There are 2 protein chains.
Amino acid sequence: MVKRVSLAGADCPVARALDVIGDWWSLLIIRDAFDGICRFSAFQANLGIAKGMLSARLKDLIEKDIFETVPASDGSAYREYVLTGKGRGLFLVIVALRQWGEDCLYGPDEAHSVLVDRRMGRPVDRLALRSETGAVLGWEATEVMKTG
Amino acid sequence: MVKRVSLAGADCPVARALDVIGDWWSLLIIRDAFDGICRFSAFQANLGIAKGMLSARLKDLIEKDIFETVPASDGSAYREYVLTGKGRGLFLVIVALRQWGEDCLYGPDEAHSVLVDRRMGRPVDRLALRSETGAVLGWEATEVMKTG
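Conventions adopted
Residues numbered from 1 in each chain as written. Chains lettered and ligands numbered in written order. Predicted model: local features only at pLDDT ≥ 70, side-chain atom pairs only at ≥ 80, totals over all residues. Heavy atoms only, no water. Helix = DSSP H or I, 4+ residues; strand = E, 2+ residues; numbered from the N terminus. Buried < 20%, exposed > 50% of the residue type's maximum accessible area, 1.4 Å probe, protein only. Contact = heavy atoms within 4.5 Å. Areas by Shrake-Rupley, 256 points an atom, 1.4 Å probe, with all protein chains shown as cover. Axes fitted to C-alpha atoms, helices over the stretch in contact; angles between N-to-C directions. Parallel < 35°, antiparallel > 145°, perpendicular 65-115°, else oblique. Nonpolar A, V, L, I, M, F, W, Y, C, P; charged D, E, K, R; others polar. Pairing = 2+ DSSP bridges. Least-squares fit on C-alpha atoms with pLDDT ≥ 70 in both. Phe/Tyr/Trp six-rings, centres within 6.5 Å; stacked < 30°, edge-to-face > 60°. Lys NZ or Arg CZ within 6 Å of the ring centre and 35° of its normal. Buried area = accessible area lost by both parts, 1.4 Å probe. Salt bridge = Lys/Arg side-chain N within 4 Å of Asp/Glu carboxyl O. Polar contact = N/O pair within 3.5 Å; in protein donor to acceptor, adjacent residues only side chain to side chain.

**What about the overall build of chain A?**
Part 1: Helix and strand content of chain A: 6 helices and 5 strands.
Part 2: The order of α-helices and β-strands along chain A, N terminus first, is α-α-α-α-β-β-α-α-β-β-β.
Part 3: Looking at chain A as a whole, 45% of its 148 residues qualify as buried.
Part 4: Excluding contacts between residues fewer than 6 apart, the proportion of contacts in chain A whose partners are at least 24 apart in sequence is 39%.
Part 5: Counting only carbon and sulfur atoms, one obtains 53% of the accessible surface of chain A, whose full area is about 7300 Å².

And the structure:
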């Protein structure tokens, strides 16, 4: 990975978040984990990533408390990589990326995977940002209040 | 930028989205634009990024229809960099990163900037994923239906 300036101490939560998971591979690994992938070989096969690179990314994500390893659910000697609570907290980041991709990056006749409500089998609703009174807010209706 | 495999043709919208904006600097530049920054020098000062790198990122983001340049709003000879409609569509990605950062990356007494409803001056609500009937869905209540 290219060494870069750290934003771990930033007062902007977006900058801190990107400091932890702002890597293309890391977010794809996290996406795969939400899809149920938990074995090293399965991540590798699905992502087409070099073993060394996957290993480095998983090690980094474990150090950052995004993933943890647990004994394999089938009782075999394998270790499985599962998201921690902190890692599962990234679900809406993945969903927001997905919905933007669906909106902007597919042609009208082009197929893509769909996120569905497991119980109903129906596509999920669109994410929306709301005020504390429930009004939907576009970006122009918001502003960032800086600290200090 | 490190050359990497392209996921532009992926059937997963998350992968396509990351192919376009899955770069740490790109997302910080987009965040700054939502905060009202539009001049090259202001991006540079706020991000502490080298001129050449900022220039390359902005060029790439213009090619990808995330930014466009417009004449300066003050009538000067400067060009301003503003988000296109496609770029503004990334707002909820930035908000999701922010809310995760707020949840997981700050100590209890540590200050951070806050996203507020501009009209009321009150913090925005939390993003939530809902089913088409309005039920809040956690990640475990969803699944991805693949194409083909």
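So, next bit.
**Quick word on the packing of helix α2 (residues 24-34) of chain A against helix α1 (residues 13-21) of chain B**
Part 1: One way to put it is that α2 of chain A packs onto α1 of chain B with a least axis distance of 10 Å and a crossing angle of 170°. In terms of orientation, α2 of chain A and α1 of chain B fall into the roughly antiparallel class. Judged by residue contacts, Trp24, Leu27, Leu28 and Arg31 of chain A of α2 of chain A engage Val14, Ala15, Leu18 and Asp19 of chain B from α1 of chain B.
Part 2: Tallied by class, residues from the contact of α2 of chain A with α1 of chain B come to 6 nonpolar, no polar and 2 charged.

**Concerning the sheet that holds strand β3 (residues 114-117) of chain B**
Part 1: Read across the sheet, 3 strands follow the order β5(A)-β3(B)-β4(B) without closing on themselves; strand pairing throughout is antiparallel. The open sheet has two edge strands with one neighbour each: β5 (142-145) of chain A together with β4 (122-123) of chain B.
Part 2: Pairing of β3 of chain B with β4 of chain B, which is carried by 2 bridges, proceeds in the antiparallel orientation. Paired with Val116 of chain B across the strands is Pro123 of chain B, a residue of β4 of chain B.
Part 3: The strands touched by helix α6 (residues 91-104) of chain B within the sheet are β5 of chain A together with β3 of chain B, with β3 of chain B carrying the most contacts at an inclination of about 130°.

**Quick look at the relation of the copies chain B and chain A**
Part 1: In screw terms, the move from chain B to chain A is a rotation of 180° and a rise of 0.0 Å along the axis, fitting with an RMSD of 0.0 Å. Both copies are brought into coincidence by an operation consistent with a two-fold rotation axis. For chain B, the minimum C-alpha distance to the rotation axis belongs to Val93 of chain B and amounts to 2.9 Å.
Part 2: When the interface residues of chain B are mapped onto chain A, 100% of them again fall at the interface, so both copies present the same face.

**Some details on the packing of aromatic side chains**
Part 1: On inspection of all chains with the given rule, the structure shows 10 aromatic pairs over all chains.
Part 2: Of the aromatic side chains, those joined through ring pairs into one cluster are Phe34 and Phe91 of chain A together with Trp139 of chain B.
Part 3: Above the ring of Tyr106 of chain A, the side-chain terminus of Arg16 of chain B is found at 3.8 Å from the ring centroid.

**Focus: the interface of chain B and chain A**
Part 1: If you look at the interface, chain B gives 75 residues, while chain A gives 75 residues.
Part 2: Taking both sides of the interface into account, the surface hidden between chain B and chain A amounts to around 7100 Å²; carbon and sulfur atoms contribute 68%.
Part 3: For the chain B face of the interface with chain A, the top three residues by lost area are Trp24, Trp100 and Trp139 of chain B, together amounting to 12%.
Part 4: Between chain B and chain A we count 8 salt bridges in total.
Part 5: The residue Glu110 of chain A makes a salt bridge to Arg16 of chain B at a minimum N-O spacing of 2.8 Å.
Part 6: Where chain B touches chain A, the interface holds 27 residue pairs in polar contact (both at pLDDT 80 or more).
Part 7: Take the side of chain B that touches chain A: its biggest share by element is 13 residues, from α6 of chain B.

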